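Chain by chain, the residues:
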Amino acid sequence: MKKRDIVTEKPRPVGPGPRALLGARFLIAAAALEQLPPAGPPEVAFAGRSNAGKSSAINALASRDRLAFASRTPGRTQQIVMFVLPSGSIVADLPGYGYAAVPQAVKRAWQEVLAAYVATRPTLVGLVLVVDARHGVKPLDCVLLDGFLPSGREVMILATKSDKLSRHEAAQASAAIRRDLGERYPHHVARITVVPFSATARAGLIEADAVLARWLG
Ligand code: GDP
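Conventions used here
Sequence positions are assigned chain by chain, starting from 1 and proceeding in written order. Totals for whole chains, interfaces and linings use every residue, but because this is a predicted model, local features are given only for residues with pLDDT of at least 70 and side-chain atom pairs only at 80 or more, for both listing and counting. Calculated side-chain values reflect all of the structure's heavy atoms, with hydrogen atoms and water omitted. Only DSSP runs of H or I with at least four residues qualify as helices, and only runs of E with at least two residues qualify as strands; both kinds are numbered from the N terminus onward. With a 1.4 Å probe rolled over the protein chains alone, any residue whose accessible area is under 20% of its type maximum counts as buried; one over 50% counts as exposed, and the rest are partly exposed. Only when DSSP finds a minimum of two bridges between them are two strands counted as paired. Orienting the strands away from the viewer, one traces the path from the first strand over the helix to the second; a clockwise path indicates a right-handed crossover. Within this document, salt bridges are pairs made up of a side-chain nitrogen of Lys or Arg and a carboxyl oxygen of Asp or Glu, the two lying within 4 Å of each other.

Visitor: What is the right way to look at unusual backbone geometry in this model?
Guide: Most peptide bonds are trans, and most residues other than glycine sit at a negative phi. Backbone geometry places Asn 51, a non-glycine residue, at a positive phi of 80°. Tracing the sequence through the fold places Asn 51 in the loop between strand S2 (43–48) and helix H2 (54–61).

Right, here's the structure in full:
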């Protein structure tokens, strides 16, 4: 190599980035619990209200643009989408809930599927609940938490879109979520981590990644 080539070559940016979900590949899209692969390797699941920012959070954590598809048409047949990691661990992207235009019966049916999944999937090691930092934890989020927390497993709340708040407001929003959960779930709050997050501003990625790595490690 000529000396000039060495001089002009720019150093690649190196630095910490999320690692726990790197190398995720699509595994299956299941329209019913019976279609899921048998429980085997450790699994983490991402849940959240429609439009909360779940797909964006998964993509940011997996360092991919379109692993999880944003805006899967609400109301269409909904699915649990699973990805497999190089370690064999599984990431489940649960259908978003609470979209106003979805018929009531479809909503109810899916809420039951999701509640059953989080309550009974034996290999689910942790639940990631994506909430809009500005809105906090809503009643439908609590339906999932009610079903999941008694099993003794951990929850990580990603309080996302924090870029829409000032740093101070984002800290206050997370503190309010923590307080709220402490009041609702006094016996389980020690197993809930709240991470101020933004997929757009790539905030909270390292903190969230560390929790996922611990769960899947
Ligand atoms: P999902 O329905 O929960 O999967 O939500 P999406 O990831 O599709 O995001 C819903 C909308 O919120 C889209 O318009 C995203 O561009 C936007 N969004 C997602 N995450 C963020 C974020 O961190 N900051 C901001 N400002 N917008 C976001």
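Visitor: Can you help me understand the pairing of strand S6 (residues 154–160) in this one?
Guide: Consecutive side chains along a regular strand alternate between the two faces of the sheet. Along S6, 6 of the 7 residues are buried, which leaves the element largely enclosed by surrounding structure. Of the pairings in the sheet, the one linking strand S5 (residues 124–132) to S6 comprises 7 bridges and is parallel in character. Within S6, the position partnered with Gly 126 by the bridge is Glu 154. Direction of pairing for S6 relative to strand S7 (residues 192–196): parallel, over a ladder of 5 bridges. Residue Leu 158 lies in a different strand from S7, and its bridge partner there is Val 195. Between S6 and its parallel partner S7, the chain crosses via helix H5 (residues 167–184), and the hand of that crossover is right-handed.

Visitor: Help me out: how do you make sense of the pattern of salt bridges in this one?
Guide: One pass over the full model with this rule turns up 5 salt bridges. One salt bridge in this structure joins Asp 132 and Arg 134, with 2.7 Å as the shortest N-O distance. Overall, Asp 132 belongs to the buried group, its relative accessible area being 8%.

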